[in-house]
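# Tertiary structure, described
Here's the letter readout for the chains.
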Amino acid sequence: MRDTIRFLKGGQVVELENVGPTETVLDYLRLRCRQTGTKEGCGEGDCGACTVALGRLVDGKLVYQPVNSCILLLGMIDGAELVTVEDLALDSKLHPVQAAMVEFHGSQCGFCTPGFVMSLFTLYHAHGQEKSRKAVTEWIAGNLCRCTGYRPIVDAALDACFDAADDAFSWRANETRELLQKLADSRDVFIGESDSFFSSPATLDGLAALYGQHPDATLVAGATDVGLWITKQLRDLPKMIWLGRIEGLERVESSPSGVLIGAMATYETTEEAMSDLSPDLGVLWKRIGSKQVRASGTVGGNIANGSPIGDTPPALIALGTTLELHSSEGSRALPLEKFFLDYGKQDRNSGEFVTGLFVPRPSSNQAFRCYKISKRFDQDISSVMGAFRFTIDDGTITDARIAYGGMAATPKRAEHAERALTGALMDDPSTWGAGMQALLSDYKPMTDMRASAEYRMETARALLAKALMEISGTAPDEIRVLAIREADNDRAA
Ligand SMILES: Cc1cc2nc3c(=O)[nH]c(=O)nc-3n(C[C@H](O)[C@H](O)[C@H](O)COP(=O)(O)OP(=O)(O)OC[C@H]3O[C@@H](n4cnc5c(N)ncnc54)[C@H](O)[C@@H]3O)c2cc1C
Ligand code: FES
Ligand code: FES
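Since this is a predicted model, take the numbers as computed values, not measurements. (Residues numbered from 1 in each chain as written. Chains lettered and ligands numbered in written order. Predicted model: local features only at pLDDT ≥ 70, side-chain atom pairs only at ≥ 80, totals over all residues.)

The next thing to look at is the site of ligand 1. Surveying the vicinity of ligand 1 reveals 31 residues, the closest of which are Gly45, Ala221, Gly222, Gly301 and Asn302. With four residues, helix H13 (residues 299–304) is the single largest residue contributor to the shell around ligand 1. Each residue belonging to the shell around ligand 1 can be placed in one class, and the counts come to 13 nonpolar, 14 polar and four charged. Both domains that meet at the shell around ligand 1, namely domain 1 (5–183) and domain 2 (252–479), each give it at least three residues. (Near = placed C-beta within 6 Å. Helix = DSSP H or I, 4+ residues; strand = E, 2+ residues; numbered from the N terminus. Nonpolar A, V, L, I, M, F, W, Y, C, P; charged D, E, K, R; others polar. Domains from an automatic or database assignment.)

Here we come to the domain arrangement of the chain. By domain assignment, the chain separates into domain 1 (5–183) and domain 2 (252–479). Computed from C-alpha coordinates alone, the two centres of domain 1 and domain 2 are separated by 33 Å. Counting residues at the interface gives 14 residues for domain 1, matched by ten residues for domain 2. Of all the secondary structure elements, the ones that give two or more residues to the side of domain 1 that touches domain 2 are strand S4 (61–68) and helix H4 (133–139). Looking at the side of domain 1 that touches domain 2, the element that brings in the most residues is S4, giving four residues. (Contact = placed C-beta atoms within 7 Å.)

Here the focus is the environment of Gln437. Residue placement: Gln437 occurs in helix H17 (residues 433–442). The spacing of Gln437 and His416 is 21 residues in sequence and 9.2 Å in space, taken between C-alpha atoms.

What follows is about the pairing of strand S11 (residues 258–262). Summarising burial for S11: four of the five residues are buried, a large majority. As judged from the four bridges shared by strand S10 (residues 252–255) and S11, these two strands associate in the antiparallel manner. When the sheet's bridge partners are listed, Ser254 is paired in S11 with Val259. Between the end of S10 and the start of S11, which pair antiparallel, lie two residues. Bridge analysis of S11 against strand S16 (residues 353–360) gives five bridges, and the strand direction is antiparallel. (Buried ≥ 20, exposed ≤ 12 C-beta atoms within 10 Å, placed from the backbone. Pairing = 2+ DSSP bridges.)

On the basis of which strands lie adjacent, the open sheet formed by five strands has the order S2-S1-S5-S3-S4 and mixed pairing. With partners counted over all chains shown, the strands left at the sheet margins are strand S2 (12–16) and S4, one partner each. The sheet shows a mean angle of 35° between the axes of neighbouring strands, taken without regard to direction. For strand S3 (residues 51–58) and strand S5 (residues 81–83), the ladder comprises three bridges, and the chain directions are antiparallel. Opposite Ala53, over in S5, you have Val83 as the bridge partner. (Axes fitted to C-alpha atoms, helices over the stretch in contact; angles between N-to-C directions.)

Below you can see the structure in the form of structure tokens.
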């Protein structure tokens, strides 16, 4: 057992024994270390002002990811290298991304600048990125600037971020790797007392035992939901169990039959396997949150939080995903749709947690589509999310799996529509209408700030029609938001 966390900062190992269960990295930096370069804007993962970089070993390689320190728990940086804007300049010589921001006039009031610089620092260290305006805008979609405008910042990135890294971090990369290897021990971390603690078990058995003892504890994966319970809802969460040190939970295994995703696999680490399963999943993954949110947020967390507007559950349900749960009593698996019982209620027993999921690959006679509808393209929660998998034999739909988010208290299958479409002919749109009509029996959506009930129902019907048109080959490309956005990007370039 270890009663400290350990991480690297400025080339030195930092060991802390006093770590509050809900203490954020941003508060640690600003309040404890008085390193106020990292800014607080929204405090909810939206603006990127608080962006810092975390360096971790991935398959032996040192990888830097941008993360929002306002919603990242301090205990979660155990075993990582923490890099903030204070660490970049060397002997008062600016880091190349800082120098480029100056040269291209990428800063006015400067409040967003440290966050942009840190995002660009991670781009500077990302290898093999295509050098394009599109790649840069995707990378910094989680950083907002109110006064400079984005063009000079993108220009600075294009100038500084695409050559081989040549800075203090690349020069001492071997040393950093060795230090990080030394920090990776297999002891459970437990800091605090039995009624208030931050803990991070090193094994599944350790987690099952601890959570069995403290079923009232909060499990945390990437903290992109839990962080907001702390900063926005001011919830009292005295017992925190982070799942980030359990070997195997970060696994992503692709096979001809499908993709196995461990509960700690992030959007970032699953993106390639999901794009390979279906291009639509690749598009969906890119539109979840921002680079920072995708670096921390997990697919498991998106499911476990039980939100009716989480983006991945409808797509995963339509694909026939199985969820794996585990506790000290043993393991069980269930179809994902059965996990969501009611608003805020999931089929999870006391002391039970998600260990992973299996997403079957669509077979050669199955067509899959999914669409996210939100007010903004990037960094927005969906108003409606629709996902469709049709099994088609000789031009006839022989099986339909349809699921929506934003249409009910949980992500939910459209069972009436599925039945109505079984037997429909792909080359005869007149056989599709019953399916669209049946959606009225499947859902009674609500009106809220994102969309009205009428809008949601109309959109759900339109998405089903869009899927059928695309699969039958009668839809023009322009009904794809991505195609429209790429045309916009090309115009801006
Ligand atoms: C700026 C921003 C943008 C976002 N954009 C999107 C978006 O576009 N689409 C979207 O769907 N979501 C979005 N989210 C929400 C969030 O990022 C996702 O829901 C994410 O998948 C949560 O994963 P996490 O690992 O961060 O979960 P956490 O916050 O760590 O946990 C979420 C919930 O799951 C529970 N939990 C976590 N792991 C387990 C486990 N293994 N077993 C049991 N329970 C567990 C936690 O106790 C908690 O209840 C956004 C969030 C932010 C801050
Ligand atoms: S302060 Fe806005 S993302 Fe953290
Ligand atoms: S320079 Fe003022 S917010 Fe970006």
